[in-house]
Structure formats: structure tokens, C-alpha cells
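# Summary of the model geometry
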Amino acid sequence: MRTSPLPLLSNVATYQANTFNYAPAPDVRPTRAEWIDSFRRTTSEFRSRVEADVAAIPDAAQRCAAAAEFVDRFTAELEALEAPASDAGDPLCCLKLCALRDRLLREAGFPDCFKAVKAAENAKALTLLPALLAELDGVSDPQQRLQALIEGVFAGNIFDLGAANTAKMFSDGGLDFHSTRAKLQARPWTVDNFDALAARWAGPPHARAVMFVDNSGSDVVLGMLPLCRELLKRGTAVLLAANSVPSINDVTAAELAPICAAIAAFDPVFAAALAEGRLRVLATGSDLPVIDLAQLSPYFCEQCEGCDLVILEGMGRGIETNLTAVFKCDALCLGMAKHWEVCLALGGGPLFGCVCRFQPAPQ
Ligand code: MG
């Protein structure tokens, strides 16, 4: 497949879709084995998802055999990767491990094992959205409203079935947008450039923003789409950038378009923006729960020309692959650190600590 780099990257030659070193010196933590273990801990969540994926493989015995094949191959591959010699000039990183897990799932016959839970969570979140938008619209101070919107992005981002801690909370019934928002880490956040963001927000609105979204359900519907709507209200045109191909519980472009249409049915801001073409949903070309901004669909990259704001959301896209990426325009990385390895690599901060990195465009 032909790919292009995002034209908003400052320097494609030096860009790497990787924030953390998975092969640190022996006395540095997280160690390579600990990073690999953060993937191993997700195995039981994936096993239960594929074992329940009747749509992919209707026959129960065949499905269980395919699920066992996935678990065995993933476990064996992770074990083999524990030896640094396995890198052979191509260093281990988060993106490679995500790609490995997705490839093994697809090869075992499960291209979209989170499909049912994504649909259920999207429908549930949509019922909560009108009241949330009314609450946000009631915050009259623009800076306080911006902080409430950013906190909503963090609270939504806890719906992440690719991270072992939050997958367990979801299956225990303990994930709830409003209670999560009420219990968020207090400022200063683990990475906290909110004041710089608010200062920029007080200036002229951006002309055109691209927002890379992450998970289905509360993440996109109650977190990112209210932020998108605020941008639209300011007069900014928005490109919503979602995966082309299903990966874990990430929302795909095909799933996101009808969500936006459903919101337009009751919200005049979304309705006008969709009708005027100021709000568009685009497929990035990616099939991963993280994102390599050097390997995107050429059409998508063309559409991003001229954007003066890029927003990357979620632990995978905003933290693990692009936290240190440098852009030609204003850039905002938002996400929650849901693995203790990520917290440690960020220099501390609690589990479920919040990351708000704002980098203004170079002058
Ligand atoms: Mg995700």
C-alpha cells in the first residue's frame, strides 16, 4: 500500500513513531521485559473477546481452537522478543508489539473482535451526550470550559480495552464517564501544558484542525466530539481522523461517520458544520491502535495540508508513539497513562495520570 507522511510533521527524516525506549540500559526501568509484560497482561482480555466473537467464527469448537491458537502464538512471540538479539537492527517498540498482536488476531480469523462492544458503548455514550453538551455550554468562562472539555477527554479515554487495567475495570462494571471525571488527577497533571494551551486559546481561533481520535464509546463521543464541537463553535474547520481498519476498540472512520450524523440530528452546531463541509470524517489509512504519522493514506495527507492545529488523543497515539513528535503547527497530545510502565517512563505520576502536552507552532 502506498503511504505518505503527514505534511504537518516538522521533519519527516528524523520522525519516529516511538516515544519510549524498549531496550534501555540494564539498570533503567521499565526494563525491556517489563514493557513486553504490559502486552502479555492484555492476553486474557483478548482471549475472552475472541472466544465470544460468534460473528467471526460461528462454530464454537472452531472458535475456541482459533482463540487458543492466537494465545499460544502471541505468548510464544512475546517470549522470543525478550532476547534483545531478536531486534536485528530494528528496535522493539510499542508500535511493533501492537502490530504483532493485531496480525496474530487477524490470522487467527478475528478481524474485529470488539465490534459488538464498540457498538454498544457508542449507543450508550450517545444517550449521555445531550446532557453533557448542555452542561459544558453552561460554563460561561472560555478557559474553564476548555479545562472541562480537556478533563472530559481524559475521562473518556479510560474506556480502553487494550490496556489490562482498564479492561478489567470495564468487565467489573467500574467504568463510568462522570465518576471518572470527578476522580481525575488534580492539576498539575503528569504532563501539564494547559496554561500554554489556554493562552493560545485566548487568541484567534485556528483555521483548520485535524483530530486523531482513539477509542469508541465515551472516549470519542463524550471526550473528543465535545472538544471538536467547541472548535466548530469557534469557527475552526475540523477533520476527524480515524482508523481505516478495525483495531481493538478504536473507532473506525466507517463507525464514526454515522455517530456524527446522529449528533447532527439533535445538535445545530454539528448539523451546520456537516452541511457546510466544515466537519469531515476521514480515514487515516492506519490499522493500528497507535499511529505512525509517516505512513498514512496519501489522500488523507492531502486533506491535512493547511491545518494549523493537530490533536493526537489516547495513550497509543498521543503518548506512546507521538509525545515527542515535532510539528510545523500547534500540536496537542492528550491522553491518560493507563499502564504503570508508561507512568514510570513519563517520570512518575499516578496510574491514570493525565497528559496534556501543548507545543505551539515554531515561530
Ligand atoms: Mg485505543
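A brief report on the enclosed structure follows. (Residues numbered from 1 in each chain as written. Predicted model: local features only at pLDDT ≥ 70, side-chain atom pairs only at ≥ 80, totals over all residues. Heavy atoms only, no water.)

## Considering the packing of aromatic side chains
Overall, the coordinates contain eight aromatic pairs when judged by the stated rule. Taking the centre distance of 5.5 Å and the plane angle of 75° together, the rings of F46 and F114 count as edge-to-face. Taken as a pair, F46 in helix 2 (residues 43-51) and F114 in the loop between helix 4 (94-107) and helix 5 (115-137) lie far apart in primary sequence, 68 residues in all. Summarising the aromatic geometry, the rings of F154 and W189 are spaced 5.0 Å apart at their centres and angled 80° between planes, so their arrangement reads as edge-to-face. Remark: W189 occurs in the loop between helix 8 (177-182) and strand 1 (191-192) and F154 occurs in helix 6 (residues 142-156); sequence separation between them is 35 residues. An aromatic cluster of at least three residues, connected via ring pairs, comprises F20, Y22 and W35. Across from the ring centre of W189, 5.4 Å away, lies the NZ or CZ of R187, which sits over that ring. The ring of W201 has R234 lying over it, and the distance from NZ or CZ to the ring centre is 4.1 Å. (Phe/Tyr/Trp six-rings, centres within 6.5 Å; stacked < 30°, edge-to-face > 60°. Helix = DSSP H or I, 4+ residues; strand = E, 2+ residues; numbered from the N terminus. Lys NZ or Arg CZ within 6 Å of the ring centre and 35° of its normal.)

## Focus on unusual backbone geometry
Residues R29 and P30 are joined by a peptide bond in cis, for which omega reads 0°. Within the fold, P30 resides in the segment before helix 1 (32-40). In this structure, the amide linkage connecting R187 to the following residue, P188, adopts the cis form with an omega of 0°. The topology assignment puts P188 in the loop between helix 8 and strand 1. The backbone of A88 shows a phi angle near 45°, a positive value even though the residue is not glycine. Within the secondary structure, A88 is located in the loop between helix 3 (60-81) and helix 4.

## Concerning the pattern of salt bridges
The tally for this structure, following the rule as stated, stands at 30 salt bridges. Across the pair R47 and E51 runs a salt bridge, and its minimum N-O distance is 3.1 Å. Within this pair, R47 and its partner E51 are both found in helix 2, separated by four residues, close to a single helical turn. Taking relative accessible area as the criterion, R47 reaches 32% and is therefore assigned partly exposed. The shortest N-O distance in the salt bridge between R106 and D287 comes to 3.4 Å. One end of the pair, R106, is in helix 4; the other, D287, is in the loop between strand 4 (279-283) and helix 13 (298-304), and 181 residues separate them in sequence. (Salt bridge = Lys/Arg side-chain N within 4 Å of Asp/Glu carboxyl O. Buried < 20%, exposed > 50% of the residue type's maximum accessible area, 1.4 Å probe, protein only.)

## Quick word on the coordination of the magnesium ion
Protein-derived coordination of the magnesium ion comes from D214 (OD), N215 (OD1) and D250 (OD), at a distance range of 2.1 Å. Read from N- to C-terminus, the donor residues coordinating the magnesium ion fall into the pattern D-N-x34-D. Residue N215 is located in the loop between strand 2 (208-212) and helix 10 (218-233), and its partner D250 is located in the loop between strand 3 (237-242) and helix 11 (253-264); the two are separated by 35 residues in the primary sequence. For the pair N215 and D250, one class covers both residues: buried. (Donors = N, O, S within 2.8 Å, 3.2 Å for Na, K, Ca; no water.)

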